[in-house]
Amino acid sequence: MATVFNSLIPHRIASKFKRVNPIHALLVSILFAGSYFAGNFHVRPVVTDVTQFTVPDSNCQIPTRAAPNSDPALDFHPHHSAEDLPSYAPATTARAVDVPPCDARWFEYTPCEDVDRSLKFPRDRLVYRERHCPTQEEKAGMRCRVPAPFGYRVPVRWPESRDSVWYANVPHKWLTVEKAGQNWVRVEGDRFKFPGGGTMFPHGADAYIDDIGKLINLKDGSIRTAIDTGCGVASFGAYLMSRNVLTVSFAPRDTHVAQVQFALERGVPALLGVLASNKLPYPARAFDLAHCSRCLIPWGQYDGLYLIEVDRVMRPGGYWVLSGPPINWEKRWKGWERSQEDLKGEQDGIERVARSLCWKKIAQKGDIAVWQKPANHIHCKINRKVFKEPGFCPANDSDKAWYDKMEKCLTPLPEVSGIKEVAGGELASWPERLTAVPPRIKDLPGVTAEMFNSDTKLWAQRASHYKKLDYQLSERGRYRNLLDMNAHFGGFAAAMIDHPVWVMNVVPVEAQLDTLGAIFERGLIGTYQNWCEAMSTYPRTYDFIHADSIFSLYKDRCEAVDILIEMDRILRPEGSVIFRDDVDMIVKIKSVLDGMQYESRIVDHEKGPHEREKILLANKLYWTAPASSSPQQAGQQ
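Residues numbered from 1 in each chain as written. Predicted model: local features only at pLDDT ≥ 70, side-chain atom pairs only at ≥ 80, totals over all residues. Heavy atoms only, no water.

As annotated in an unreviewed UniProt entry, the protein chain is Methyltransferase from Kalanchoe fedtschenkoi.

Structure representation (structure tokens):
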């Protein structure tokens, strides 16, 4: 025995064992062995798989999952998280909130553009088609999850989706009949096909854009952001993307069922909206190009109010492109079934308003006319002696545009010292514009160029971290439509610029700083939004949502469950959300998601576990309305 021990332990220790009685050593060995075997017979908890995938309501269809492997899987997830630490422990234990599925007929519910509610409002100037959101009582009665239509499929990936989408996802044939001769959209088997046509571009959007490109430069990077009023199915915006022009397309929810929904399903930026009485939800000087192709907007009426609003959102030196009536009326009047006098009067009215806004008509060729806004208002102030109306608006915040009424006055451009100077500062061409310091940064209190550059680097790092947490975010082509609910300076969108995605950057109207103007100056797009209300978009709009500190911002303004229900409405099945917030808020959010058929997990801040701010990853599971809900029952047209 002593020989064996000498061979296994160091010499200095072995020398001590030589003086030990062999019988005593044997007894000690027996005691050690007995203790070891006794420990093995200690009762251990039995590990069983208690996960149960339940059907919350008979009104939804959930795919069955394969039974778990009989062999227990190894668990590599950490079982101690930041909320276990005393300093991070929430004051109360969060309780799961049950949010049942809505009735199948609500599969396209858009709360603030609800057709039944809109009929209560005036039809004059299309006020009834503007946003009219439900009351708190109405919202409480609709605390449910909007279902996808039966047969819904994961959307076709970009760029294929530009030309083809699943019929089951937007089951409306009305446009294929109404616009059959105009090459907008047609049905082929289980898909909608988009040939790229339009009322005023029968040869396709590409050829139409080529014609515009002969009148203004679309290649030098000076035109990056565009707005398309009355967009149809947004083929204009879809085809501009290949030319590095990012377009916000909008149209009202009207008799042309699902225009905006088709655009979003195609992977093209779009919102429900209308030129009526409220300002468009964008800051002043946002777009390089504004476009209308037979959009049926009465530009010359109401003292030119709608062109005045286009002027507000168009940057200095920007362009307004108009095609369709009344342009080229001399050749088209018979086909438009209108008199020459009527059409000439309409064009004269538009020309008169454009001159009063100091726009210069730079071209008219065929069916297309182009005007340019001046780079500054030096001459425009002088010609107020000729054009008394519109006068200049008072020196107030021209960026305010959330339920603010349109004004019959000209939005003044920032002061300049020379006739050739661009008001507000000249913008870099794309793509340098993305990382160049936006001129508006200097107008934001407490913000410096150094802070902006640091923010850009910070979000590049955070986006890289996100891709490690959500592998689908790093998979090129998995996501297309992204939403940033609290965009700050647009840093997250800038960090995703090399992916085939677009990001709708939202600046909440309650945010401490209005940064949306700076976001547009970076060559990105966005909108204002109050997250206590629904967004002006259809259900299943976005593949991915980023929610940074939203719930802390709104914690004293509205219920978190209502914001989460709205996020669920606009998120596609199998889409993902990344929440970033204080740990107490994150725990509360997770408790609601647990009752909303999401898979979610909390992870530490990228700086480590000692940060109070945590990250919550959530995935929306696939489920649809039941098969028994026929298209007729669901309100299909």
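Picking up after the structure, the text goes on.
### Considerations on the confidence of the model for the protein chain
For the protein chain, per-residue confidence averages 86 on the pLDDT scale, and residues scoring 70 or more make up 82% of the total. Contacts from residues 1–20, a stretch scored under 50 in pLDDT, to residues over four places away or in other chains number 8 contacts. (pLDDT = per-residue confidence, 0-100. Contact = heavy atoms within 4.5 Å.)

### Remarks on the state of the cysteines
Taken as a whole, this structure holds 6 disulfides when the rule is applied. Linked covalently through their sulfurs, Cys-292 and Cys-295 form a disulfide whose S-S length is 2.0 Å. Between Cys-292 and Cys-295 the sulfur-sulfur dihedral comes to about -95°; the bridge is accordingly left-handed. Here Cys-532 is linked by a disulfide to Cys-558, with a sulfur-sulfur distance of 2.2 Å. Taking the sign of the torsion about the S-S bond as the criterion, the disulfide between Cys-532 and Cys-558, at about -85°, is left-handed. One end of the pair, Cys-532, is in the loop between strand 13 (525–529) and strand 14 (542–548); the other, Cys-558, is in the loop between helix 18 (550–553) and helix 19 (560–570), with 26 residues separating them in the sequence. Since its relative accessible area comes to 17%, Cys-558 is described here as buried. (Disulfide = S-S within 2.5 Å. Helix = DSSP H or I, 4+ residues; strand = E, 2+ residues; numbered from the N terminus. Buried < 20%, exposed > 50% of the residue type's maximum accessible area, 1.4 Å probe, protein only.)

### Let's talk about the pattern of salt bridges
Enumeration according to the criterion identifies 38 salt bridges in this entry. Of the charged contacts in the structure, one is a salt bridge between Arg-117 and Glu-138, with a shortest N-O distance of 3.8 Å. Here Arg-117, found in helix 4 (residues 115–118), pairs with Glu-138, found in helix 5 (residues 136–141); they are 21 residues apart in sequence, far enough to count as distant. The exposure class of Arg-117 is buried, given its relative accessible area of 9%. Between Glu-188 and Arg-186 there is a salt bridge, and its shortest N-O distance comes to 2.8 Å. According to the relative accessible area criterion, Glu-188 is partly exposed, its value standing at 37%. Residue classification places Arg-186 among the partly exposed residues on the basis of a relative accessible area of 38%. (Salt bridge = Lys/Arg side-chain N within 4 Å of Asp/Glu carboxyl O.)

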